[in-house]
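As a plain string of letters, each chain reads:
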Amino acid sequence: MPRQGSISLPTSSKKKTTSKMIENEEENVTGDKEKEEKITLKKEKSKDSIKKSSESTNRSESIDQGSPKKDASTDPIEESDDLIKKDDLKDLLECPVCLRVPRSSPIYQCARGHVVCSECRPNVSTCPQCRDPLGNIRSLVSEKMLEKLPCVCKFSDHGCQVEQLRGQLADHERGCTYRLVNCVDLACQQRISVSKLLAHLDNDHETEDFVRVEGGEYSSHFIVNEEDFNKSIMWISDQLHYDQRYFYRECCRSKEGLWYIWVYLLETEDCQAVDYTCTISIRSADGEEELNCKCRPLSLDLTKENIAESGRGLVFTDTTARLFWRDNKVRYKVVIEAKQKENVEKDD
C-alpha cells in the first residue's frame, strides 16, 4: 500500500527521470572539463607571451650592445610620389614674364602670391597673372626655396648644361667654355661665346681682318702715320697657331698717348694663360735698340679698356714710339713659349 501523502510514479516515468539526472551529471562533468581545458590554455598562452617578451627584450639588448643606433637624419630619403620633385619646384618659382627660374634674390610677389623675378620687376607695374597692382612685397618663402635649388649656368642659352648650387656656380661661370667674350678683332663690337669664337672669325670676318701665322714666333711692323699720334687707334690682329692653341697679338693707342701691345689666349678646359709666356718687343730699324717685356698671355675676358689694369703687356708712350718709328713703321716681334710642367706647378 502506498504511503499517505506520497504519489506513486509509473515505472516509465522513473526511468525518464533517472536518465535526465544522468545526462545532467554528464553535462556538468563535460562543462567542468571544458573549463579546466580553457584555464590550462590560458596559462600556457600566458607563459608563451612572457617567454616571447623576454626573448625580444634580450634581442633588443643584444642589438643595442652589438651595433650602433640608427640616426633617422642619416637614413636615405626614399623616393615617394608624395615628395615634391625638383622640376615641379622650379615650375612654382618660374617668373611669368621671362619664363625663367630667378637666379638670385630678391623675388617679388603680388598680394595674391604670384612671383616676379628682380630683373623683370622694373618692367611691370601689375601682376602678369592676376593683373593686381604689383608693389615691392618680397616673397621670402620663394627666396628661401631658391637657396636650396640648383641653378643652371647663366650661359645655358649658349650651350652650357652645368647645373650647380648658387654658392658653387660662380667659380664655374668665370671659366665656362660657353661664356661671352669680346671678339679679338678690336673693331668688332660683338660678344661671342668662347666655344664659337673660331667659327665667328671664319664666318663673320674677312680674310684681311687678321694675319694668320703658324708657329709661336712672328716679326712684323705697324704702319703709323703722323696723324695717328693724335687719336685713338687700333691695328689688325695677328693670329698665331702654336702648340695646337690660338694666340692673338693686339695693339692700340689710347687718346692719352699710351701704346699697348699684348697677347690674348683662347683658353680651353685643358689650357690656361698660366701655361704659357710671351715676349713682346719693339725694335729700332737698325736693330741696335729694343724695348721688351715678358709676361703671360691674357684672358679674353679682359677688354682693351682693362689691359692697363692687368699690368701685363708692353706699354710705352708717344715719345718712345717716335724713338722706334722709322719710315712710317714701328717694328715688333712676338715669341710665345709653353712652360714646363714643373714651372706651371710652381706658379700655381
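Just above, that's the structure.
On a predicted model such as this, the values are computed, not experimentally measured, just so you know.

Q: Explain the overall build of the protein chain here, please?
A: When helices and strands are counted, the protein chain shows eight helices and 19 strands. Sorting the 348 residues of the protein chain into buried and exposed places 32% on the buried side. Restricting the contact set of the protein chain to residue pairs at least 6 apart, pairs at least 24 apart contribute 53%. Carbon and sulfur atoms make up 48% of the accessible area of the protein chain, which totals about 23,500 Å².

Q: What exactly am I supposed to notice about the nonpolar core here?
A: One broad trend across soluble globular proteins is that nonpolar side chains are buried collectively. In this structure, Phe 222, Val 224, Ile 261, Ile 282 and Ile 336 are the most contacted members of the largest nonpolar core, which totals 31 residues. Among the nonpolar cores identified, the runner-up in size contains 19 residues, and Val 184, Tyr 260, Leu 266 and Leu 300 belong to it.

Q: Got a minute to help me understand the pattern of salt bridges in this structure?
A: Two side chains of opposite charge can pair, provided their charged atoms sit close to one another. Evaluation of the coordinates by the stated rule reveals 16 salt bridges. With a shortest N-O distance of 2.6 Å, Glu 173 and Arg 103 are connected by a salt bridge. Pair noted here: Glu 173 is in helix H4 (residues 166-174) and Arg 103 is in the loop between helix H2 (86-93) and strand E1 (107-109), with a separation of 70 residues, a long-range link. A relative accessible area of 11% means that Glu 173 is categorised as buried.

Q: How do you make sense of the pairing of strand E13 (residues 258-265) when you look at a structure like this?
A: Each regular strand carries side chains that alternate between the two faces of the sheet. Most of E13 is tucked away, with seven of its eight residues classed as buried. Pairing of strand E12 (residues 245-253) with E13 involves seven bridges; the strand directions are antiparallel. Note that in E13 the partner of Glu 250 across the bridge is Trp 262. Counting the residues in the hairpin turn of E12 and E13 gives four residues, including Gly 257, whose phi is positive at 90°. Of the pairings in the sheet, the one linking E13 to strand E17 (residues 314-317) comprises four bridges and is antiparallel in character. If you follow Tyr 260 over to E17, its bridge partner there is Val 315. Of the pairings in the sheet, the one linking E13 to strand E16 (residues 298-299) comprises two bridges and is parallel in character. Bridge assignment links Leu 265 to a residue of E16, and that residue is Ser 299.

Q: Could you clarify how one ought to interpret the side chain of Ser 193 in this entry?
A: Its place among the elements puts Ser 193 in strand E7 (residues 191-193). One polar contact links the side chain of Ser 193 to the main-chain carbonyl oxygen of Tyr 178, over a distance of 3.2 Å. Discounting residues that sit within four places of it in the chain, Ser 193 has contacts with His 158, Thr 177, Tyr 178, Arg 179 and Leu 180.

Q: Explain a negative patch on the surface here, please?
A: On the surface, Asp 87, Asp 88, Asp 91 and Glu 94 cluster together into a patch of negative charge. You can see Asp 91 is positioned in helix H2.

Q: Help me understand unusual backbone geometry in this model?
A: Most peptide bonds take the trans configuration, and most residues that are not glycine carry a negative phi. You will see that Gln 244, though not glycine, has its phi angle at about 60°, which is positive. For Gln 244, a relative accessible area of 69% gives the class exposed. Unlike most non-glycine residues, Asp 327 shows phi in positive territory, near 55°. Structurally, Asp 327 is set in the loop between strand E18 (325-326) and strand E19 (329-338). With a relative accessible area of 64%, Asp 327 lands in the exposed category.

Q: Could you clarify how one ought to interpret the sheet that holds E1 in this entry?
A: Backbone hydrogen bonds hold the strands of a sheet together, and the pairing may be parallel or antiparallel. In space, the three strands of this open sheet follow the order E2-E1-E3, with antiparallel pairing throughout. At either end of the open sheet lies a strand with only one pairing partner, and these are strand E2 (115-117) and strand E3 (137-138). Where E1 and E3 come together, two bridges link them in antiparallel fashion. What sits directly across from Tyr 108, in E3, is Arg 138. Helix H3 (residues 140-148) contacts E1, E2 and E3 of the sheet and is inclined by roughly 150° relative to E1.

Q: What should I look at first to understand the layout of surface pockets in this one?
A: If you roll a probe as big as a water molecule over the atoms, it shows you where there is empty space left. Quantified by volume, the largest pocket comes out at close to 350 Å³. For the largest pocket, the lining is made up of 18 residues, of which Arg 100, Val 101, Pro 102, Arg 103 and Val 152 are closest to its centre. Of the residues belonging to the lining of the largest pocket, the class tally is eight nonpolar, three polar and seven charged.

Q: When you look at the environment of Val 224 in this model, what are you seeing that I'm missing?
A: Looking at the secondary structure, you find Val 224 in the loop between strand E9 (217-223) and strand E10 (233-234). The residues touching Val 224, leaving out its near neighbours within four places in the chain, are Phe 229, Trp 235, Trp 259, Trp 325, Asn 328 and Val 330.

Q: Help me understand the packing of aromatic side chains in this model?
A: What describes a pair of aromatic rings is the distance from one ring centre to the other and the angle between the planes of the rings. Taken as a whole, this structure holds eleven aromatic pairs when the rule is applied. Ring geometry for Tyr 242 versus Tyr 276: centroids 6.5 Å apart, planes at 70°, classification edge-to-face. Of this pair, Tyr 242 sits in strand E11 (residues 237-242) while Tyr 276 sits in strand E14 (residues 276-283), and the two are 34 residues apart along the sequence. Here a set of aromatic residues connected by ring pairs shows up, and it is made of Phe 222, Phe 229, Trp 235, Trp 259, Phe 316, Trp 325 and Tyr 332. Across the ring face of Phe 229, the terminal group of Arg 322 is positioned such that the distance to the ring centre comes to 4.0 Å.

Cut-offs used in this document
- Residues numbered from 1 in each chain as written.
- Predicted model: local features only at pLDDT ≥ 70, side-chain atom pairs only at ≥ 80, totals over all residues.
- Heavy atoms only, no water.
- Helix = DSSP H or I, 4+ residues; strand = E, 2+ residues; numbered from the N terminus.
- Buried < 20%, exposed > 50% of the residue type's maximum accessible area, 1.4 Å probe, protein only.
- Contact = heavy atoms within 4.5 Å.
- Areas by Shrake-Rupley, 256 points an atom, 1.4 Å probe, with all protein chains shown as cover.
- Core = buried A, V, L, I, M, F, W, Y, C linked by side-chain atoms within 4.5 Å.
- Salt bridge = Lys/Arg side-chain N within 4 Å of Asp/Glu carboxyl O.
- Pairing = 2+ DSSP bridges.
- Polar contact = N/O pair within 3.5 Å; in protein donor to acceptor, adjacent residues only side chain to side chain.
- Patch = residues over 30% accessible without salt bridge, like charges linked within 9 Å, V, L, I, M, F, W, Y side chains within 5 Å.
- Lys, Arg positive; Asp, Glu negative; His and termini not counted.
- Charge placed at Lys NZ, Arg CZ, Asp CG, Glu CD.
- Axes fitted to C-alpha atoms, helices over the stretch in contact; angles between N-to-C directions.
- 1 Å grid on protein atoms, 1.4 Å probe; cavity = no way out; pocket = protein on both sides within 12 Å on 5 of 7 lines; lining within 4 Å.
- Points joined across faces, edges and corners; volume = space filled by probe spheres on them.
- Nonpolar A, V, L, I, M, F, W, Y, C, P; charged D, E, K, R; others polar.
- Phe/Tyr/Trp six-rings, centres within 6.5 Å; stacked < 30°, edge-to-face > 60°.
- Lys NZ or Arg CZ within 6 Å of the ring centre and 35° of its normal.

The quantities given are spatial measurements derived from coordinates; they are silent on function.
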